[in-house]
Amino acid sequence: MADEVKINASEVSHDAQLLADNVADGVEKAPKVDFDADYELAKEMSVSPIDNSEEGQKAAEAAVAPQYEIPKAEEKKIEAPATGNPDDYMSMASEIETGNEGVGNVDDDLVKRALELGQPGQ
């Protein structure tokens, strides 16, 4: 499928400006581009002949093979016996940071002052 290239006369490169002027003056015809054929050709060029052989497959496997042996993950079982003591839970909960903590000290007077300053037309 051949498509006509639309030339933008505001291109910055000198060659594009010269081509646009020549096409506008009728000196040259606008270039035709067959995007489908170019795409098919690019697909062919992107695959090396060695990629389709057994040698290429071995080379690819060697290139992506891990250099270090990774140990298998071990499942560890952690048991937390129930003590029935609420203090144990409270100490554990105090160690957890949720990220929802306030950044500064905000009290009612500060909020009231902010609301007063934020009123439009004052």
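Residues numbered from 1 in each chain as written. Predicted model: local features only at pLDDT ≥ 70, side-chain atom pairs only at ≥ 80, totals over all residues. Heavy atoms only, no water.

K.L.:
For this particular structure, what's the right way to read the pattern of salt bridges?
P.N.:
Note on pairing: side chains with opposite charge can pair once their charged atoms come close. For the structure on display, the rule yields three salt bridges. A salt bridge links arginine 113 to glutamate 116; its shortest N-O distance comes to 3.9 Å. Here the residue arginine 113 and the residue glutamate 116 both occupy positions in helix H5 (residues 108-117), the gap between them amounting to three residues, near one helical turn. Exposure remark for glutamate 116: the relative accessible area of 42% places this residue in the partly exposed category. (Salt bridge = Lys/Arg side-chain N within 4 Å of Asp/Glu carboxyl O. Helix = DSSP H or I, 4+ residues; strand = E, 2+ residues; numbered from the N terminus. Buried < 20%, exposed > 50% of the residue type's maximum accessible area, 1.4 Å probe, protein only.)

K.L.:
Teacher, can you tell me more about the side chain of asparagine 22 here?
P.N.:
Tracing the chain through its elements places asparagine 22 in helix H1 (residues 14-25). Excluding residues within four positions of it along the chain, asparagine 22 makes contact with Val27 and Glu28. (Contact = heavy atoms within 4.5 Å.)

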